[in-house]
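The residues making up each chain are set out below.
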Amino acid sequence: MNGLDDVVHKPSVKRKGVGLCLSGGGYRAMLFHTGALWRLNEIGWLRKLDYVSSVSGGSIAAGVLAKAWPKLRFSGGVAENFTEEVVAPIRKLAGTRVDVPTMLRGMVKPWRSVGEELADAYAKHLYGDITLGQLDPTGPNFVFTATNLQDGTLWWFQSGSNGQIPLATAVAASSAFPPIMSPVVIPDPLAPGTDKKIVLSDAGVYDNLGLDPVEGRCATVLVSDAGKHMQPKQNIKRSWPSQLMRVLDIIDNQVRELRTGALLQSYGNKEFAGTYWGSYSDISHFELPDTLPAPVGKTKLLAEKSTRLTKTRADVQEHLINWGYAVCDAGMRRWVDNDAGAPVGFPYQSAGVG
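Now for a quick tour of the structure. The shown structure was predicted, so the numbers you read here are calculated from the model rather than taken from an experiment.

### A word on the nonpolar core
Nonpolar side chains in soluble globular proteins tend to be buried together. The biggest cluster of nonpolar side chains holds 87 residues, and the ones touching the most others in it are Y127, F144, F157 and W277. Broken down by element, this core gets its largest block of residues, 11 residues, from helix α10 (residues 314-335). Setting aside anything within four residues of it in sequence, one finds Y127 in contact with S59, I60, G63, V64, K67, Y122, L167, A168 and V171. Formed by 13 residues, the second largest nonpolar core is a distinct cluster that contains L209, C218, Y267 and F272.

### As for the environment of Q134
Looking at the element boundaries, Q134 is found in the loop between α5 (114-127) and β5 (141-148). Once the C-alpha coordinates of Q134 and I165 are considered, the two residues, 31 residues apart in sequence, prove to be 9.8 Å apart. There is a polar contact of 2.9 Å between the side chain of Q134 and the backbone nitrogen of T131.

### A word on the packing of α5 against helix α6 (residues 167-175)
Two quantities define a packed helix pair, namely the angle between the axes and the distance from one axis to the other. At a minimum axis separation of 8 Å, α5 and α6 run at an interaxial angle of 125°. Considered as vectors, α5 and α6 are oriented oblique to each other. α5 and α6 meet at a crossing whose hand is right-handed. Contacts between α5 and α6 involve G115, L118, A119, Y122, A123 and Y127 from the former and L167, A168, T169, V171, A172 and S175 from the latter. For the contact of α5 with α6, a count of residues per class yields 9 nonpolar, 3 polar and no charged.

### A closer look at the packing of aromatic side chains
Describing an aromatic ring pair means giving the distance of the ring centres and the angle of the ring planes. In the structure shown here, the tally under the stated rule is 7 aromatic pairs. Measuring from ring centre to ring centre gives 6.4 Å for W38 and F82, while their planes differ by 55°; the resulting arrangement is tilted. Remark: F82 occurs in helix α3 (residues 82-94) and W38 occurs in helix α1 (residues 26-42); sequence separation between them is 44 residues. By relative accessible area, W38 is classed as buried at 11%.

### Here we look at the side chain of T275
Along the chain, T275 turns up in strand β10 (residues 273-278). Relative accessible area serves as the criterion here: at 0%, T275 is assigned to the buried category. What T275 contacts, discounting residues up to four positions off in sequence, is V221, L222, V223, Y267, F286, G331, M332, W335 and V336.

### Considerations on α6
Helical geometry note: an α-helix holds 3.6 residues per turn, so side chains three or four residues apart project in the same direction. By the criterion of burial, α6 is predominantly enclosed, with 9 of the 9 residues buried. Those residues of α6 not exposed but buried are L167, A168, T169, A170, V171, A172, A173, S174 and S175.

### Considerations on unusual backbone geometry
Backbone geometry places S56, a non-glycine residue, at a positive phi of 50°. The residue S56 is located in the loop between β2 (51-55) and α2 (57-68) in this model. Taking relative accessible area as the criterion, S56 reaches 7% and is therefore assigned buried. Its identity as a non-glycine residue notwithstanding, E287 has a phi of 55°, on the positive side. Tracing the chain through its elements places E287 in the loop between β10 and α9 (296-303).

### Quick notes on the packing of α1 against α3
Direction vectors running N to C along α1 and α3 enclose 170°, while the axes themselves pass 10 Å from each other. Comparing the axis directions of α1 and α3 gives the class roughly antiparallel. Here Y27, M30, L31, T34, L37, W38 and N41 of α1 come into contact with α3, specifically with F82, T83, V87, I90, L93 and A94. Considered class by class, the residues forming the contact of α1 with α3 number 10 nonpolar, 3 polar and no charged.

Cut-offs used in this document
- Residues numbered from 1 in each chain as written.
- Predicted model: local features only at pLDDT ≥ 70, side-chain atom pairs only at ≥ 80, totals over all residues.
- Heavy atoms only, no water.
- Core = buried A, V, L, I, M, F, W, Y, C linked by side-chain atoms within 4.5 Å.
- Buried < 20%, exposed > 50% of the residue type's maximum accessible area, 1.4 Å probe, protein only.
- Helix = DSSP H or I, 4+ residues; strand = E, 2+ residues; numbered from the N terminus.
- Contact = heavy atoms within 4.5 Å.
- Polar contact = N/O pair within 3.5 Å; in protein donor to acceptor, adjacent residues only side chain to side chain.
- Axes fitted to C-alpha atoms, helices over the stretch in contact; angles between N-to-C directions.
- Parallel < 35°, antiparallel > 145°, perpendicular 65-115°, else oblique.
- Left-handed = near helix turned anticlockwise from the far one by under 90°.
- Nonpolar A, V, L, I, M, F, W, Y, C, P; charged D, E, K, R; others polar.
- Phe/Tyr/Trp six-rings, centres within 6.5 Å; stacked < 30°, edge-to-face > 60°.

Shape descriptors only; they carry no functional weight alone.
Here it is as structure tokens:
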């Protein structure tokens, strides 16, 4: 056994359906998950999804998929127009700087939060004015998670519910990285007709893997993780601000480790089937003879790319999409679908992973 990469289980009879979790990680995660979705579509698993639970950067990709779902033309379980409807708009956004302009607009508009400006940017570039209630009810149940800053709990936005809340607002709340991009403030749906508000921030503060909405109900749980790892430091500065930032990194890292540890334990206890793949995975640990070439030295560099919502070079976009595609393929064929054929190559064959 080699950690999460090497865990396989049989589903519990008490659970039903397939859930996909897309982690946070800004544009890096958005592009990595795009590659994973691409491969899931090719092997017929995109159509099998019952839940898509997403966090932060993962929510950007999930939102595009949710909006595109009624337009996808499935033939034999595979969406033939996936690249046009899902990949193309995501790549267009990845070539757009969102964070700094959004932050500056929020700073000069004291009556609006940066999070509200972020929602406007998402509406402009991706989602338009579509609401959660207008998402296709025949598709997966999309759950966009955020963190409630008032009580410290996880907040769920679900497709088909949450009334007239725009999809752009749900994604913005999920990806409003604190303190720069948050908060996103919405009316309290449990107190209509009042001035009561819910104050939301990035879901990664609470659950960076997006496990909560699916781990208690799905028989198969697929986890795509493009979150960060804390880097070791030999020289720790004595200044209070520097120490505080390091302590916050340690706390964040501990939460992530606890989440992945709980996932590993649940797999080990055979609570559900599935597989985990991550941007830090070593593809050789999946022990398949025909995985796509993804040397760990190169993929580690991709895992450490910036999480900012800023313009990303076309070649870096292709490397991240290819890496998500390759490691998702390895995880799915090794632990979930042994009958899936090996891919003929990367989506962007000449780019590889760097």
